[in-house]
2 protein chains.
Amino acid sequence: MHTCFHPELREGLIPLPEDEAIHVARVLRMREGEPLRLVDGQGSEAVGTLASVSKRSATVRVDEIFRESARPAGLILVVAPTKHTDRFEWLLEKATELGVEEILPVWTERSERRVDKHERWNKVLVAATKQCERRWKPLLHPACGLASAFDEHPHLQERPGAVAHCMTSVEGTPNRVSWREWQSSEETAWLAIGPEGDFSESEVQMLVACGAVPVHLGDLRLRTETAGMAAVAQFT
Amino acid sequence: MHTCFHPELREGLIPLPEDEAIHVARVLRMREGEPLRLVDGQGSEAVGTLASVSKRSATVRVDEIFRESARPAGLILVVAPTKHTDRFEWLLEKATELGVEEILPVWTERSERRVDKHERWNKVLVAATKQCERRWKPLLHPACGLASAFDEHPHLQERPGAVAHCMTSVEGTPNRVSWREWQSSEETAWLAIGPEGDFSESEVQMLVACGAVPVHLGDLRLRTETAGMAAVAQFT
């Protein structure tokens, strides 16, 4: 069954957002009476029936909405956007499919091209949320500097955190442990992943001072977006 | 240190393949005397010194080669290429970074666009092998029909196998178990992943008859390439 995104899901006769209506009418060529799944990305889901459809608009009759009141807690990715946005958008899509809870883009010392494409990135999350049939769209925060991430998002401090880096050792910080092993005893966590050139030593020291456990993701050198996806896939 | 691919690694003074030479000369602007890492994707690795460099050619002095005689056994992905090759190429890149052993592309009942882009796909594997510093390039087999995969590749029968599918039940086959749990007790395995429209019931029945255990990869509906990537990331 086709899934539509509807940010204001309610019972009764509701119009679809224009882009969803066009997709239903022109691409899928759906007819009145056909069933549709609706999600709002905020925990609500409904199966409705197409009540009317024209070229650019459509209405759906919704009889009953299933609401999940709290976002399931899981993994928050604190991640430096890659230089090329397509790699970061892949990560957003894959992390959504694999169940990430929140994504906080951060600018780091070695970040290049610091452009927060929030709206565009959010569209990727909406599309992936529909595709994989999640009820909750991952929360995407506006990008911020790594140094201010913990002031701006104090909820990070309420759960255990880790920092993945590629250095054999960083002065004044513990040796890295395996992410896979470390996360296996955590129900919720945040994980910081650096840019193409990795975090700097002082960034790792700062994150460790904020409570992060240094981790590695195995023997091979992973690209930023691969590290992010693998970490989400491995988080249980 | 920069890594070059060299299919015929030996000791002494060796010329770089042309594309690698151009990259070293024009993109990286490396000079004589600078160190280079060389891999052949067949278990051999060396650190050499750039002995001469011009616009389109370069030679490297190699003093010692480290050879690993056997390919480490792990996971073989038996996977239906996606309709859009960029998604499949992305899976090839990520699976390489995450340590996949072999990739066998298979055509299934619901496969669209059956074009084996073997050479192009192999280039993706070479690039990813260099980037992540693997010693062994994953083995990429020519694409074949799912039905003949086991005749053409009898080594599949020598290790446990699984089939990931999205159906609640398939007549005559056991219920799906969690891939993550199942793989945790296997040192080596193969995993079959279907195309966008999933395997057909009879394909699942055939794979189960060949010894595959039906598995799922969690609650969310994953795209083919996400399923492949997640399965490799989760394989220990």
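Every value quoted in this text rests on a predicted model; they were computed, and no experiment measured them. (Residues numbered from 1 in each chain as written. Chains lettered and ligands numbered in written order. Predicted model: local features only at pLDDT ≥ 70, side-chain atom pairs only at ≥ 80, totals over all residues. Heavy atoms only, no water.)

A.B. asks: I'd love a proper account of the overall build of chain A, names of residues and values included.
C.D. replies: In terms of regular secondary structure, chain A is built from seven helices and 13 strands. Overall, the C-alpha framework of chain A stretches about 65 × 35 × 30 Å when taken along its three principal axes. Residues counted as buried form 53% of the 236 residues belonging to chain A. Considering only contacts in chain A between residues 6 or more positions apart, those separated by 24 or more positions represent 73%. (Helix = DSSP H or I, 4+ residues; strand = E, 2+ residues; numbered from the N terminus. Buried < 20%, exposed > 50% of the residue type's maximum accessible area, 1.4 Å probe, protein only. Contact = heavy atoms within 4.5 Å.)

A.B. asks: Talk me through the packing of helix α2 (residues 85-97) of chain A against helix α7 (residues 224-234) of chain A; I want residue IDs and the actual numbers.
C.D. replies: All names here are of chain A. Contact geometry for α2 and α7: axes closest at 9 Å, N-to-C directions at 5 degrees. By the angle between their directions, the pair α2 and α7 is classed as roughly parallel. For the pair α2 and α7, the contacting residues are Arg-87, Trp-90, Leu-91, Lys-94 and Ala-95 in the first and Glu-225, Gly-228, Met-229 and Val-232 in the second. Taken together, the residues of the contact of α2 with α7 break down into five nonpolar, one polar and three charged. (Axes fitted to C-alpha atoms, helices over the stretch in contact; angles between N-to-C directions. Parallel < 35°, antiparallel > 145°, perpendicular 65-115°, else oblique. Nonpolar A, V, L, I, M, F, W, Y, C, P; charged D, E, K, R; others polar.)

A.B. asks: Explain the packing of aromatic side chains to me, and be specific about the residues and the numbers.
C.D. replies: The description of an aromatic ring pair rests on the distance of the ring centres and on the angle between the ring planes. A complete count under the given rule lists nine aromatic pairs over all chains for this structure. These aromatic residues form a ring-pair network of at least three members: Trp-179, Trp-182 and Phe-235 of chain A. Here Lys-94 of chain A stacks its cationic end above the ring of Trp-90 of chain B, 5.1 Å away from the centre of that ring. (Phe/Tyr/Trp six-rings, centres within 6.5 Å; stacked < 30°, edge-to-face > 60°. Lys NZ or Arg CZ within 6 Å of the ring centre and 35° of its normal.)

A.B. asks: Tell me about α7 of chain A, and please be specific about residues and values.
C.D. replies: Spacing of three or four residues puts side chains on the same side of an α-helix, whose turn is 3.6 residues. Burial runs high along α7 of chain A: eleven of the eleven residues are buried. By the burial criterion, the buried members of α7 of chain A are Thr-224, Glu-225, Thr-226, Ala-227, Gly-228, Met-229, Ala-230, Ala-231, Val-232, Ala-233 and Gln-234 of chain A.

A.B. asks: Which residues make up the pairing of strand β7 (residues 102-107) of chain A, and what values go with them?
C.D. replies: Residues and elements named next belong to chain A. For β7, a buried count of six out of six residues is recorded, marking the element as mostly surrounded by other parts of the structure. Burial of β7 is two-sided: the residues Glu-102, Leu-104 and Val-106 facing one way and the residues Ile-103, Pro-105 and Trp-107 facing the other way are all buried. Bridge analysis of strand β6 (residues 75-79) against β7 gives four bridges, and the strand direction is parallel. Each residue of the ladder has a partner; that of Leu-77, found in β7, is Ile-103. (Pairing = 2+ DSSP bridges.)

A.B. asks: Explain the interface of chain B and chain A to me, using residue names and the numbers behind them.
C.D. replies: Taken together, the 25 residues of chain B in the interface contact 25 residues of chain A. Summing both partners gives a buried area of about 2,300 Å² for chain B against chain A, and 53% of it is carried by carbon and sulfur. Ranking the residues of chain B by area buried against chain A places Trp-90, Leu-220 and Arg-221 of chain B at the top, with a combined share of 26%. Along the contact surface separating chain B from chain A lie ten salt bridges. A salt bridge links Glu-225 of chain A to Lys-94 of chain B; the nearest nitrogen and oxygen atoms lie 2.8 Å apart. Run the count over chain B and chain A and you get 24 residue pairs in polar contact (both at pLDDT 80 or more). For the side of chain B that touches chain A, the secondary structure elements donating two or more residues are α2 (85-97), α3 (118-132) and α7 (224-234) of chain B. Counted by class, the side of chain B that touches chain A contains nine nonpolar, six polar and ten charged residues. (Buried area = accessible area lost by both parts, 1.4 Å probe. Salt bridge = Lys/Arg side-chain N within 4 Å of Asp/Glu carboxyl O. Polar contact = N/O pair within 3.5 Å; in protein donor to acceptor, adjacent residues only side chain to side chain.)

A.B. asks: For the relation of the copies chain B and chain A, give the residues involved together with the corresponding values.
C.D. replies: The second copy of the chain is related to the first by a rotation about an axis and a shift along the axis. Rotating chain B by 180 degrees and translating it 0.0 Å along the rotation axis places it on chain A, where the RMSD comes to 0.0 Å. On the angle and the small slide along the axis, the relation comes out as a two-fold axis. Closest approach to the rotation axis within chain B is made by the C-alpha atom of Gln-234 of chain B, at a distance of 2.8 Å. Here 100% of the interface residues in chain B have copies in chain A that are interface residues too; the copies meet face to matching face. (Least-squares fit on C-alpha atoms with pLDDT ≥ 70 in both.)

A.B. asks: Lay out the pattern of salt bridges in plain terms, naming residues and giving numbers.
C.D. replies: All chains considered together, the criterion is met by 30 salt bridges over all chains. One salt bridge connects Arg-159 of chain B with Glu-101 of chain B, and the closest N-O pair in it is separated by 3.0 Å. With Arg-159 of chain B in the loop between α4 (149-152) and β10 (161-164) and Glu-101 of chain B in the loop between α2 and β7 (102-107), the pair connects residues that are 58 residues apart, well separated along the chain. Residues Arg-159 of chain B and Glu-101 of chain B agree in their burial class; the two are buried. What you see here is one network of salt bridges that share partners, running through Arg-87, Arg-223 and Glu-225 of chain A together with Glu-93, Lys-94 and Glu-97 of chain B.

A.B. asks: Residue-level account of the environment of Arg-67 of chain A, with values.
C.D. replies: Residue and element names in this part refer to chain A. When you line up the elements, Arg-67 lands in strand β5 (residues 58-67). Residue class for Arg-67 comes out exposed when judged on its relative accessible area of 52%. With 24 residues separating them along the chain, Arg-67 and Gly-43 place their C-alpha atoms 5.7 Å apart. Once residues lying within four places of it in the same chain are set aside, the contact partners of Arg-67 are Leu-9, Gly-43 and Ser-44. Looking at Arg-67, its side chain comes within polar contact range of the side chain of Ser-44, at 3.1 Å.

A.B. asks: Kindly report on the sheet that holds strand β4 (residues 44-53) of chain A, identifying the contributing residues and their values.
C.D. replies: All names here are of chain A. A sheet is described by the order of its strands in space; here five strands give the open sequence β1-β3-β4-β5-β2, paired in mixed fashion. Of all strands in the sheet, those with a lone pairing partner are β1 (3-5) and β2 (12-15), marking the two edges. Shown here is a sheet whose adjacent strand axes are inclined to one another by a mean of 40 degrees, direction ignored. Examined bridge by bridge, β2 and β5 share four bridges and lie antiparallel to one another. Across the sheet, Ile-14 pairs through a bridge with Val-60, a residue of β5. On top of the sheet, helix α1 (residues 18-27) reaches β1, β3 (35-39), β4 and β5; it is set at about 155 degrees to β1, its chief contact. Helix-sheet contacts for helix α3 (residues 118-132) involve β1 and β3, and the interaxial angle to β1 is about 150 degrees.

Just geometry here; none of it tells us what the structure is for.
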